[in-house]
Structure formats: structure tokens, C-alpha cells
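# Coordinates in review
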Amino acid sequence: MPYRISRLGTVEIRSLDLDRDLDYYVNVLGLQLTAREGRTAYLKGWDERHAYSLMLTEADRAGMVRLAFRTVDPEDLDYYENRLRQFSVKYDVIPEDYRRGRALRFTAPSGHVVELYNEMDYTGNVLPTVNPPPWPEGLKGIAPPRLDHTLVTAPEPPKAIQFFQEVLEFRVSEMLVNPEGVPIAAWLWQRPSPHDIAIVPGRPGGFHHAAFAVDSAEALFRAADILTMHKARIDYGPGRHGITRGTTIYFFDPSGNRLETFGGYTAYQMDPDCRAIKWTTDQIGPAVFYYSQELNETFLSVYT
Amino acid sequence: MAAAGPYTVSFSPLGDRVVCRGDETVLAAILRSGAKVVFGCRGGGCGTCKMRLISGQVEYGRCSAAVLSEAEKAAGAFLSCRAQPLSDLTVELTAANRYRRLSAAYWPTFG
């Protein structure tokens, strides 16, 4: 089965105060602000090559507005349009959005607005494309190179997991199964990394976190230092997940949305031969937080 | 915003009291006192730290309308991570707040 989704392309997150939160996203998290149009700001990691990966939109509440996957080829959008029809999924065609071409928009069984698109302005990363240095000097804050994945909540995880597997053809890298053998959480991928999106139990449309990649153990600890220097609310970490093996810090933006710095370098790489790994719910502690071996008070209850 | 004070925050039904400066949140005052309480994002977004005011006034701070509606505010609800006191307060704790205080042996007082 060919890969048709290249990555989690964009997430749109709500902000209770855009000016305040932009200061945090630019100077503490260290994303590149690429544009601001009215109540929405467009940002991305320094190594991302398209116009933006994070939309921050001012609203009266926190949480996620939508998430969007970028397809590998333009034809993949037609392929998915056929699949949506085949599975009788209602969808809208969005002719264009800011610096982006045609998209298919639908609501997943998890309650999330999901879009698929292929065209977005290719602006390059912040480095030159001829004889570039390995990284740019003078970055602010944590400065993650890229958006990595998102984790969302669903009232009936098996239905949502099945939708992403069957309709959108994601593969499961890992899953958490209850004593009846039912998956209550799953980590799903197409890009060769442990997950582009993960699903855990919770309310429809809930936003658990968006994760940005950091590329070394030094960068992980530096991120924790920067968050603490700015008195950010750290939820957990630095630590490691049993699932994905990725190193992690969970923390919150000033509007209360959870973010993560995820050690892409510590997580394993996927290849087409990988088969799903199972974790049993009696081992949910080390599955999520490997070192403390137990869930904290907030992992399954606090999200926006 | 008025930042006078400090004010006294009394908790019902326990009778515990903490001192809350006019420029700090109720949650910050609780944690500074050495007590523990459940809280989440500390940004007014998740609603985990919601408490109910029995008497007194607070400045609510910026909170998500999805977790703290105007109707809830009218019924006394506030988010302790954002709210700052404008007077002495009496606050009702529920099981969801999981307020607990470590014994003095584990929490020395400083001055």
C-alpha cells in the first residue's frame, strides 16, 4: 500500500489572547512567525519548507479548530475524495485557504475537523538552498525544527481508530488494548515515524497536544530550562514514553493548550514491515511515562 | 486591576485559610501555603481547577468560555488558576478539587 500522506501539515489552535500568546510562541517556543492576518497568526518551525504549520486563532476558548494532513502527490487528493465517497463520509471541498490550494474537509468520528490538501506555498526553510549551514544562528527560545504530531481525544476510540485506518489508510504503530482486547488508544502513521496522529479516550473534538520535534538530548534539556526560565507550566518531563520510545516534555501554552517537545531522534523509525506493538491497559503507566511508571493526574483528564 | 490586599481565603467545609496577595491567583496562594490541589493547564483553558465562591469578589482573569460560562460565574464558579481576589473570600471545595494539606512535619514554615 503506497504512502499517500507526507505529514501532519497544519494544526489550528485557539488562543484566548493572541498578542500575549504570540509572544510565547515566538520567544519561548521559538517558532517562526510567517504572517498575521486579523485574528489568526501563521507560524512554523525553522526547518519547515511550506508557508506555515501552526495557525493560532483568537477565540473565547482554548482547543483545536482543525487539523490537516498534506498528501504526497496532488493525485492523492483525488484518491482520498473517492475513498470518502466510497465510505459515505460527508465532505466539503474548500477551494483555497491562506497560501494553500484545494482541500477536502470532513469531520472524523472523533469529532475533529480534518482536512486533506496537497498544495501550499513552498517558501523554503530559513537556510539558503545552496551550500547551506546545518542550522541557523540566532534562533529564539526552544526553536524546534518542525511540527511532529498531534494527539486528540475521542469518545469511542475504536471507531475513530478504524476510520483513520480504513478510510485514510493510516497504519497503527502501537496501541493500548483493554482486557477484552479492544484498542482504547492508538498511534497512527504514514510518514516513517511512530505517529502523525494519536487517539486516546475523551470528549469529542478534544485537543490533547501538538508536538514539535527536538533533535537531541541536549535540546530536550535546553527546552526544559527555557520553559522554566519563563515560568511556563510544565505538565511532565523531561521524560520518556514507553510508546514510541520518544523523549518528552509536556507543557501548556498561556491559554492552556498542551504542547510537547518530542525527541524524534529517540523514537524509532518506521518501515513498511513494522507490525503494531500492543500495550495492555494494566501497563498504561510505563506505556505513557516510562520512568515514573504511572500516569500523572492530568494525562487523561486535562485537555482543551 | 486593584492589587490591594493581602486577603484571606477561607475554605469550606475544612476551615483552612490561606493568605492571598491581591496580585496573585487563588491557586498560587494555595500552592504557596504548602497545600496540594488538583489543577491542569494553569492558563484558564481546561477548567480542572474550578472552585465555587460562597462570599467575596474576584477578578476572573481570561478564561475559556467552554469551561467557565457566564451562567456558571453567576452561580459562583471561578477558575482558581486565573482568579485574583478583590476582597476576603470564602470558597467551597468539592471532592474534585482534592485539596489536601501535608502535615507540618513535611512542610516547615519559614518566618
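Everything numeric in this text was worked out from a predicted model, so none of it was measured. (Residues numbered from 1 in each chain as written. Chains lettered and ligands numbered in written order. Predicted model: local features only at pLDDT ≥ 70, side-chain atom pairs only at ≥ 80, totals over all residues. Heavy atoms only, no water.)

### Some points on the overall build of chain A
For chain A, the helix and strand inventory stands at 5 helices and 17 strands. A compact globule built from 304 residues would reach a C-alpha radius of gyration of about 19 Å, and chain A, at 18 Å, matches this within 12%. When the backbone C-alpha atoms are referred to their principal axes, chain A occupies close to 50 × 45 × 45 Å. Taken across its 304 residues, chain A has 58% of its residues classed as buried. In chain A, the share of contacts with a sequence separation of at least 24, taken over all contacts with a separation of at least 6, comes to 66%. Just so you have it, chain A exposes about 12700 Å², and 50% of that area is on carbon and sulfur atoms. Charge separation in chain A, taken as the distance between the mean sites of 32 positive and 40 negative side-chain charges, equals 1 Å. (Helix = DSSP H or I, 4+ residues; strand = E, 2+ residues; numbered from the N terminus. Rg over C-alpha atoms; globule rule 2.2 N^0.38 Å. Buried < 20%, exposed > 50% of the residue type's maximum accessible area, 1.4 Å probe, protein only. Contact = heavy atoms within 4.5 Å. Areas by Shrake-Rupley, 256 points an atom, 1.4 Å probe, with all protein chains shown as cover. Lys, Arg positive; Asp, Glu negative; His and termini not counted. Charge placed at Lys NZ, Arg CZ, Asp CG, Glu CD.)

### What about the overall build of chain B?
The helix and strand inventory of chain B stands at 2 helices and 9 strands. For the C-alpha atoms alone, the extent of chain B along its principal axes is close to 40 × 30 × 25 Å. Within chain B, the proportion of its 111 residues that are buried is 43%. Taking the contacts inside chain B whose residues are at least 6 apart along the sequence as the reference set, 62% of them involve residues at least 24 apart. As displayed, chain B offers around 5600 Å² of accessible surface, 54% of which is attributable to carbon and sulfur atoms.

### Examining the interface of chain A and chain B
Chain A puts 18 residues into the contact, and the matching count from chain B is 18 residues. Taking both partners together, chain A and chain B bury about 1300 Å²; carbon and sulfur atoms supply 50% of that area. When the buried area of chain A at its contact with chain B is split by residue, A:L16, A:R233 and A:E297 rank highest and sum to 41% of it. Here chain A is connected to chain B by 3 salt bridges. We note a salt bridge from A:E297 to B:R98, for which the minimum N-O separation is 3.1 Å. Across the contact surface, chain A and chain B share 5 residue pairs in polar contact (both at pLDDT 80 or more). (Buried area = accessible area lost by both parts, 1.4 Å probe. Salt bridge = Lys/Arg side-chain N within 4 Å of Asp/Glu carboxyl O. Polar contact = N/O pair within 3.5 Å; in protein donor to acceptor, adjacent residues only side chain to side chain.)

### Structural notes on the nonpolar core
The biggest cluster of nonpolar side chains holds 59 residues, and the ones touching the most others in it are A:V11, A:Y25, A:L43, A:L67, A:F69, A:F164 and A:L168. Setting aside residues no more than four positions away along its own chain, A:F69 makes contact with A:I5, A:R7, A:L8, A:G9, A:V114, A:E115, A:L116, A:Y117, A:F164, A:F170, A:D196 and A:I197. Among the nonpolar cores identified, the runner-up in size contains 27 residues, and B:V18, B:V58, B:A77 and B:C81 belong to it. (Core = buried A, V, L, I, M, F, W, Y, C linked by side-chain atoms within 4.5 Å.)

### Notes on the packing of aromatic side chains
The geometry of an aromatic ring pair comes down to the distance between the two centres and the angle between the two planes. Within the structure shown, the criterion is met by 16 aromatic pairs over all chains. When the ring of A:Y42 is compared with that of A:Y52, the centres are 4.7 Å apart and the planes differ by 70°; the resulting orientation is edge-to-face. With A:Y42 in strand 3 (residues 40-44) and A:Y52 in the loop between strand 3 and strand 4 (54-58), the pair connects residues that are 10 residues apart, well separated along the chain. The same class applies to A:Y42 as to A:Y52, namely buried. The residue whose ring lies beneath A:R258 is A:Y250, and the NZ or CZ to ring-centre distance is 5.7 Å. Here the basic side chain of B:K73 rests over the ring of B:Y60, its NZ or CZ set 4.8 Å away from the ring centre. (Phe/Tyr/Trp six-rings, centres within 6.5 Å; stacked < 30°, edge-to-face > 60°. Lys NZ or Arg CZ within 6 Å of the ring centre and 35° of its normal.)

### Overview of the sheet that holds strand 6 (residues 91-94) of chain A
Residue and element names in this part refer to chain A. Read across the open sheet, the 8 strands follow the order 2-3-4-1-5-8-7-6; overall the sheet is mixed. Only two strands of the sheet have a single neighbouring strand rather than two, namely strand 2 (32-37) and strand 6. Taking each pair of neighbouring strands and ignoring which way they run, the sheet shows an average axis angle of 20°. The pairing of strand 3 with strand 4 spans 4 bridges and is antiparallel. Bridging across to strand 4, A41 finds its partner in L56. (Pairing = 2+ DSSP bridges. Axes fitted to C-alpha atoms, helices over the stretch in contact; angles between N-to-C directions.)

### Re the side chain of A:N118
Residue and element names in this part refer to chain A. Its location among the elements puts N118 in the loop between strand 8 (113-117) and strand 9 (146-154). With relative accessibility at 6%, the residue N118 sits in the buried group. A distance of 2.8 Å separates the side chain of N118 from the backbone oxygen of T71, its partner in a polar contact. If we ignore the near neighbours within four places in the chain, the residues touching N118 are R70, T71, V72, D73, P74, L77 and R102.

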